[in-house]
Amino acid sequence: MNRNKGVTGPQGFRAAGIAAGIKESGALDLTLVVNDGPSDAAAGVFTTNKVKAAPVLWSQQVIQSRRLTAVVLNSGGANACTGPEGFQDTHATAEKVAEVLGTGAVDVAVCSTGLIGERLPMDKVLTGVENVAKELDSTVEAGLNAATGVMTTDSRPKQSWKASEQGWSVGGFVKGAGMLAPNMATMLSVITTDAKISGDSLDKALRLATGRTFDRLDVDGGTSTNDTVLVLASGASGVEPSFEDFTALLTEVAGDLVKQLQGDAEGVTKEISITVKQAATEAEAVHIGRTVAEDNLVKTALFGSDPNWGRIAMALGRADAEIDPDVLQILINGVSLYRNGTRDRDRSEADLSGRDIEIVIDLNVGEAEATVLTTDLSHDYVEENSAYSS
């Protein structure tokens, strides 16, 4: 896995990120990714939040054709809860991109991230579109600038790329640090591939990949208004992989992006994996993992490096799933602390002093398994989210 490359890693793509003045800080805040083809297949998945931002509503419409030429993304403003005017702003942005690229607005997806409830400074956005198009390039630096232009509270850009043995590859970037929960997150991601694949197959592969990656990260239970993951296929490699091979590599790159999201979450001091084994169904395993991941008593104990298995037992026990406390087992960092209805080894044997924590919950009621990723609840998380008005 190569984290020095992202959306410009696969053949057939150009990208750029500039400072358009949307952010008062002067940081990069406008990104453009362009698919030069020969194919323009595309697919997308979006937030399940009922309060959807204008860019989500727009992109959901245009992606129905399973094709895109470009994606324009801004940070510094979510364009969410901005009424019909906000949707018009999104439409105008797509029209401007289409104008400078010589394509149609229906071939342009739009993504935004930042403060909810404020209109975007459209004069800066539209001028920015003209300027960012002039910077489009296929270089590694251009891809990095694109990944940087979507950051909000992120501390660093996040990108990933991997090539297959057959000569095609998948690359992408992602942003997100807080308001991260299953069903996506306050998160934008653009993934590119030079494989030859149809739009319908791309859509199916993306849903399988996100179901095992993006939908398994839960930092704070907050499902955002703007979540979007888009994948674009140029076909420039000339190679048509099997659906299974493509889905596997897409899932691998998406999983790497999710690990980077976890590691850069707001206030994170612990990166926690919760694996639920021998559940009745995979859906129940995921549900139990999410219930534990979102529990503040569990998260604060782990912040304090306290292997308090009682809090884990409490949290999983309130999940709507098949659970028998007399046969389940809880392990933290490889130490069995609870087994068959009572405590097992002494909790002092579990060392939580490091950054990585592995919780394993063995239900012993079935054969299904799932892993959910989360983080601890730290002083810095509270301070950052009390000071940052998003």
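This structure is a prediction, so every number in the text was calculated from the model and none was measured.

> Let's hear about the sheet that holds strand β9 (residues 228-233): which residues, and what values?
Taking strand neighbours across the sheet as the criterion, the five strands line up as β3-β9-β8-β7-β6 in an open arrangement whose pairing is mixed. Only two strands of the sheet have a single neighbouring strand rather than two, namely β3 (41-46) and β6 (158-163). Here the strands of the sheet are splayed against their neighbours by 10° on average, with no regard to which way each runs. Pairing of β3 with β9, which is carried by six bridges, proceeds in the antiparallel orientation. By the bridge assignment for β9, A41 is matched with A233. Relative to the sheet, helix α4 (residues 140-148) contacts β6 and β7 (169-175), its axis offset from that of β6 by approximately 140°. Packing against the sheet, helix α5 (residues 199-212) makes contact with β3 and β9, and its axis sits at approximately 35° to β3.

> Go over the pairing of β3, please, and point to the residues and values.
Of all six residues in β3, six are buried; the element is thus mostly enclosed. Here β3 shows a buried face lined by A41, A43 and V45 and a second buried face lined by A42, G44 and F46.

> I'd like a rundown of helix α8 (residues 296-303), residues and numbers included.
Taken together, the buried positions of α8 are V298, K299, A301 and L302. Along α8, the residues classed as buried sweep out an arc of 160° about the axis, all on the same side. As for α8, its buried residues are in contact with β10 (271-279), α7 (282-293), α9 (309-317), β14 (356-362) and β15 (368-375). Its side-chain oxygen 3.0 Å from the backbone nitrogen of L297, D295 forms the N-cap of α8. A positive backbone phi angle near 60° is found at S305, which sits one or two residues after α8.

> Summarise the pattern of salt bridges; cite the residues concerned and give the values.
Evaluated as defined, the whole model comprises 21 salt bridges. Where R66 meets D203, a salt bridge forms, and the shortest distance between an N and an O atom there is 3.6 Å. Here R66, found in the loop between α1 (54-62) and β4 (70-75), pairs with D203, found in helix α5; they are 137 residues apart in sequence, far enough to count as distant. By relative accessible area, which is 25% here, R66 ends up partly exposed. For D203, a relative accessible area of 10% translates into the label buried. Across the pair K158 and D154 runs a salt bridge, and its minimum N-O distance is 2.6 Å. The buried category is assigned to K158, whose relative accessible area is 1%. On the basis of relative accessibility, which here comes to 7%, the residue D154 falls in the buried class. Where salt bridges share partners, they join R66, D200, D203 and R207 into one cluster.

> Hey, could you go over unusual backbone geometry for me, with residue numbers and the actual values?
Leaving glycine out, the prevailing phi sign among residues is negative, and the prevailing peptide bond configuration is trans. Look at the link from G37 to P38: it is a cis peptide, with omega at 20°. Along the chain, P38 turns up in the loop between β2 (30-35) and β3. A positive phi angle, close to 60°, is found at C81, a residue other than glycine. Residue placement: C81 occurs in the loop between β4 and α2 (83-101). The backbone of N364 sits at a positive phi, close to 60°, despite the residue not being glycine. Relative to the elements of secondary structure, N364 occurs in the loop between β14 and β15. On the basis of relative accessible area, N364 is assigned to the partly exposed category, the value being 36%.

> Please give an account of the packing of α1 against α2 that cites residues and values.
At a minimum axis separation of 8 Å, α1 and α2 run at an interaxial angle of 55°. What the angle tells us is that α1 and α2 run oblique. Viewed along their axes, α1 and α2 form a crossing whose handedness is right-handed. Seen from α1, the contacting residues are A54, P55, L57, W58 and Q61; seen from α2, they are G86, F87, T90, H91 and A94. Residue composition of the contact of α1 with α2, grouped by class: six nonpolar, four polar and no charged.

> I'd like a description of the sheet that holds β14, backed by residues and values.
The strand order β13-β12-β11-β14-β10-β15 describes an open sheet built from six strands, whose pairing is mixed. Of all strands in the sheet, those bounded by a partner on one side alone are β13 (342-343) and β15. For β10 and β14, the ladder comprises seven bridges, and the chain directions are parallel. Residue pairing for β14: V276 is matched across the bridge by I361. The strands touched by helix α6 (residues 243-263) are β10 and β15; relative to β15, the strand with the most contacts, the crossing angle is about 40°.

Rules of the game
- Residues numbered from 1 in each chain as written.
- Predicted model: local features only at pLDDT ≥ 70, side-chain atom pairs only at ≥ 80, totals over all residues.
- Heavy atoms only, no water.
- Pairing = 2+ DSSP bridges.
- Helix = DSSP H or I, 4+ residues; strand = E, 2+ residues; numbered from the N terminus.
- Axes fitted to C-alpha atoms, helices over the stretch in contact; angles between N-to-C directions.
- Contact = heavy atoms within 4.5 Å.
- Buried < 20%, exposed > 50% of the residue type's maximum accessible area, 1.4 Å probe, protein only.
- Arc of directions from axis to C-beta.
- Polar contact = N/O pair within 3.5 Å; in protein donor to acceptor, adjacent residues only side chain to side chain.
- Salt bridge = Lys/Arg side-chain N within 4 Å of Asp/Glu carboxyl O.
- Parallel < 35°, antiparallel > 145°, perpendicular 65-115°, else oblique.
- Left-handed = near helix turned anticlockwise from the far one by under 90°.
- Nonpolar A, V, L, I, M, F, W, Y, C, P; charged D, E, K, R; others polar.

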